[in-house]
Amino acid sequence: MQAVFDGHNDVLLRLWQHARGGADPVAEFSEGTDKGHIDAARAKAGGLAGGLCAIYVPSGDLVLKTPDENGHYATPMAAPLDHLPSLATAMELADIAFKLDRAGAWRLCRSVEEIRAAMADEVFAAVLHMEGCEAIGPDLAALETFHAAGLRSLGPVWSRHNVFGHGVPFAYPMSPDTGPGLTEAGFELVRACNRLGILIDLAHITEKGFWDVAKTTDQPLVASHSNVHALTPVARNLTDRQLDAIRESRGLVGLNYATTMLRPDGQENAATPLSDMVRHVDYLVERMGIDCVALGSDFDGATIPEEIADAAGNQKLVAALEDAGYGDAELAKICRENWLRVLGQAWHEPA
Ligand SMILES: [Zn+2]
């Protein structure tokens, strides 16, 4: 079994939604559930040893637009969110993360050393990530507090516009060059993350925003849960030029398990074969090299292939990669070592 440190999940969102319905998030995670993708037992069964756990403020019920007769779709952008309600929701999601930590259901990690220690102890190693920074506010007033609380990664935007920049819509086929890049506040956020040691995640941002971050940051370029545009031309996937820039910075791309981002036809369809996942990994490895490819499942945030089904099925992807010819050392890089190297660099840790 290859221990996996995964680049993106939305388990906090699921636990928060169920908590609003009266469920106990600590019990749901530690005792297990048949809902969603991740809990302690299923993570252990699938070798999901840890990952970046998103604080994500949801946009109501965003439903993918039904494809037309050509299989094309363009879901309208979600409306922008206000700062203060977003901050309140983000605090509630973070609160669940701390409750899980206090109860020993998982361990919140703030350094690579802490991640490795939790993995060795077989306790889920959670790192706090923020997906879309509406909660931070345009003057970055909440950034220091979230960093002090353990926030170690953030994406300035989700697939919606905010004071920091612009996100791409869920659309097929479409280029990621769908709008403007960073705002002045967005550039300021990138510089602040460089100073504090918070990883900047390029998933969901427009292509212009990607280049704005690339010319400003001193970190390796990272797209935590994105795939290959040449194989699946949705706006959320990365062009060859973007992949080349990620390679040059020695950053990484985490493979997203969302079927819309894996299938050649861009459809949401659980009957998606593992071969579609392997094809994206092969392309990424060929274009960027083995050091720049990792995993970013989007567990609890997307429709994923039914063969994997949930975190317990995670090693089926590893087995498929093994069958495709990847050896142990390569799989160790894809499954965890590339993530740990890049996180250490963004967090100003000695190599
Ligand atoms: Zn996402």
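Being a predicted model, the structure only gives us computed values, none of them experimental.

Right, let's get into the overall build of the protein chain. Counting its regular elements, the protein chain contains 13 helices and eleven strands. For 351 residues, the compact-globule formula gives about 20 Å, and the C-alpha radius of gyration of the protein chain, at 18 Å, lands near that figure. On the principal axes, the C-alpha backbone points of the protein chain span a range of 45 × 45 × 45 Å. Relative to its full complement of 351 residues, the protein chain shows a buried share of 60%. Restricting the contact set of the protein chain to residue pairs at least 6 apart, pairs at least 24 apart contribute 73%. Looking at the protein chain as shown, the accessible area adds up to about 13,200 Å², and 52% of this sits on carbon and sulfur atoms.

As summarised here, the arrangement of the three strands in space is β9-β10-β11, forming an open sheet in which the pairing is parallel. The strands lining the two open edges of the sheet, one partner per strand, are β9 (222-223) and β11 (293-295). Examined bridge by bridge, strand β10 (residues 252-255) and β11 share three bridges and lie parallel to one another. In the sheet register, G254 faces β11, and the bridge partner there is A294.

Every protein donor of the zinc ion is accounted for by E131 (OE), H204 (NE2) and H225 (NE2), and the metal-donor separations fall at 2.1 to 2.2 Å. The motif formed by the donor residues of the zinc ion, counted along the single chain, is E-x72-H-x20-H. Placement of the pair is E131 in strand β5 (residues 125-131) and H225 in the loop between β9 and α9 (240-249), with a sequence separation of 94 residues. Take H225: its relative accessible area is 1%, and that puts it in the buried class.

Cut-offs and rules
Along each chain, numbering runs from 1 in the same order as the chain's sequence is written. Local features in a predicted model are, by the rule used here, given only for residues with pLDDT of at least 70; side-chain atom pairs are given and counted only at 80 or more, and totals for whole chains, interfaces and linings are based on all residues. To get the side-chain values, take all heavy atoms of the structure and skip hydrogens and water. Helix and strand assignments come from DSSP, with helices taken as H or I runs of at least 4 residues and strands as E runs of at least 2, each series counted from the N terminus. Radius of gyration: C-alpha atoms only; globule rule: 2.2 Å multiplied by the number of residues to the exponent 0.38. Relative accessible area decides the class of each residue, using a 1.4 Å probe on protein chains only: under 20% of the type maximum gives buried, over 50% gives exposed, and in between gives partly exposed. In this description, contact between two residues means that some pair of their heavy atoms is separated by no more than 4.5 Å. A 1.4 Å probe and the Shrake-Rupley method give the accessible areas. Residues count as covered only by the protein chains that appear here. By the convention used here, strands pair only if DSSP detects at least 2 bridges between them. For Na, K and Ca the donor cut-off is 3.2 Å, and for all other metals it is 2.8 Å, counting N, O and S atoms only; because water is absent from this set, sites may look incomplete.

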